[in-house]
Amino acid sequence: SNNVTYENVNKIYGEGSKNPVHALKDVSFTINPGELFCLLGPSGCGKTTLLRSTAGLEEISSGKMYYGDVDISTIPPYKRNIGMVFQSFALYPHMSIFENVAYGLRVRKVPNDEVKKKVTQVMELVGLQEELKRNPSPTALSGGQQQRVAIARALVYDPDILLLDEPLANLDAKLRRYMRAEIRRIQKATNITTIFVTHDQEEAMAVGDRLAVLRKGIVEQIGTSDELYNEPKNAFVANFIGKMNFFESTVIDSSKDSIDVEIKGKGIRFAIPKAKCRTQAKKGDSVLIGGRPEQLIVSAAPLNKCIEGNVHIIQHLGSFIRYEVTIDSSISPVALEIDMDSLQKDIHEGDRVYVGFKEDKISLFSPE
Ligand code: ADP
Ligand code: MG
């Protein structure tokens, strides 16, 4: 297994036309050998474009892509030795399961007995060996089984890189969670450098060794789930990896070790340590105070430095209780999400409440 490197990769669809689409903008990063790397971002941000470019199905407009030291940017797709699984699975309905999986070996003119050995091996790996005997046609398979066939088909010729484009999107919620773990198990067993694309942050956090957050063709941040959750470098990442409540604020003083800010229209001030400031803001600048749901507190009684609001909904989410609180001001956000460890017995839906801050946890961002 080897690393995959992108160097200033740009992709412009319809270059020179009246309406060019700049789908990838100076994408540069390295995926480690054997890593399960997640590409995460909203629909249209360029995830599929990056995968298809890696596979050679799209020609990049500029930049380089390497597998180890080998520049693969201009190598034709069939010589790149890359396995790809699409959202639709794209199985061949007229072929048996065996031949679906064997396809990549047949086109590589692998001898029959070797084909048989490899297909049996990979079907075992993905947990379909029984199905193969019982049920020769892919059309009779469940969604989860089709998914496994698609993965087996991509793995059978020992690809250097495995590309998975929203592979779980067509499965129901329960199966999706199960297949997350299966994909991780299979990837770790093969140790093939893998890129897993999804728009679902929970899925990306659960599956990936590391994640890249993509927005409008730009890589915003790369890191482990923990790093992205605890140290998001801007408001977009903060609110894409988990939830972040934002409070429009003004910088009062930035000359010390912390930045002093005041929530607009509320007169509440905080000193945010510079280590928690993802902005170089200066006195008078507009900024956003960010507080994750678990970094706020809801209370029936007034708190020091609090905002008043009304409880909209109380959700029981197992290990915690989520309070949705709407606040009056047009300046601050209208709806807050606050997670408490336990049910606040004196707070009910519709009640007037007070929202406080865990001052040592909150952070500061530039407005988007
Ligand atoms: P994602 O997979 O993250 O949803 P895509 O890579 O499919 O995003 O698309 C990125 C951008 O490129 C979008 O604006 C999309 O409309 C555009 N795009 C994708 N494919 C083509 C194409 N073949 N021709 C023109 N524009 C395209
Ligand atoms: Mg896509």
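Please refer to the structure higher up on the page.
Computed from a predicted structure; not experimentally measured.

**Some thoughts on the site of ligand 1**
Right, so step 1: Around ligand 1, the neighbouring residues are Y13, G14, V21, A23, G41, S43, G44, C45, G46, K47, T48 and T49.
Right, so step 2: At the level of secondary structure, the elements contributing two or more residues to the shell around ligand 1 comprise β2 (21-31) and α1 (47-55).
Right, so step 3: Residues of the shell around ligand 1, tallied by class, amount to 4 nonpolar, 7 polar and 1 charged.

**Considerations on unusual backbone geometry**
Right, so step 1: Although it is not a glycine, D26 adopts a positive phi angle of roughly 45°.
Right, so step 2: Structurally, D26 is set in strand β2.
Right, so step 3: D26 sits in the partly exposed class, given 14 other C-beta atoms within 10 Å.
Right, so step 4: Positive phi, close to 45°, is recorded for E166, a residue that is not glycine.
Right, so step 5: One can find E166 in the loop between β7 (161-165) and α6 (173-190).
Right, so step 6: E166 sits in the buried class, given 20 other C-beta atoms within 10 Å.

**Some points on the pairing of strand β4 (residues 62-67)**
Right, so step 1: Summarising the sheet, strand β1 (residues 4-13) and β4 pair through 5 bridges and their orientation is antiparallel. Note that in β4 the partner of V4 across the bridge is Y67.
Right, so step 2: Pairing analysis gives 2 bridges linking β4 to strand β5 (residues 70-71), with the strands arranged antiparallel. Looking across to β5, one finds that Y67 is bridged to V70.
Right, so step 3: Between the end of β4 and the start of β5, which pair antiparallel, lie 2 residues, with G68 showing a positive phi angle near 60°.

The rules behind these values
Residues numbered from 1 in each chain as written. Chains lettered and ligands numbered in written order. Predicted model: local features only at pLDDT ≥ 70, side-chain atom pairs only at ≥ 80, totals over all residues. Near = placed C-beta within 6 Å. Helix = DSSP H or I, 4+ residues; strand = E, 2+ residues; numbered from the N terminus. Nonpolar A, V, L, I, M, F, W, Y, C, P; charged D, E, K, R; others polar. Buried ≥ 20, exposed ≤ 12 C-beta atoms within 10 Å, placed from the backbone. Pairing = 2+ DSSP bridges.

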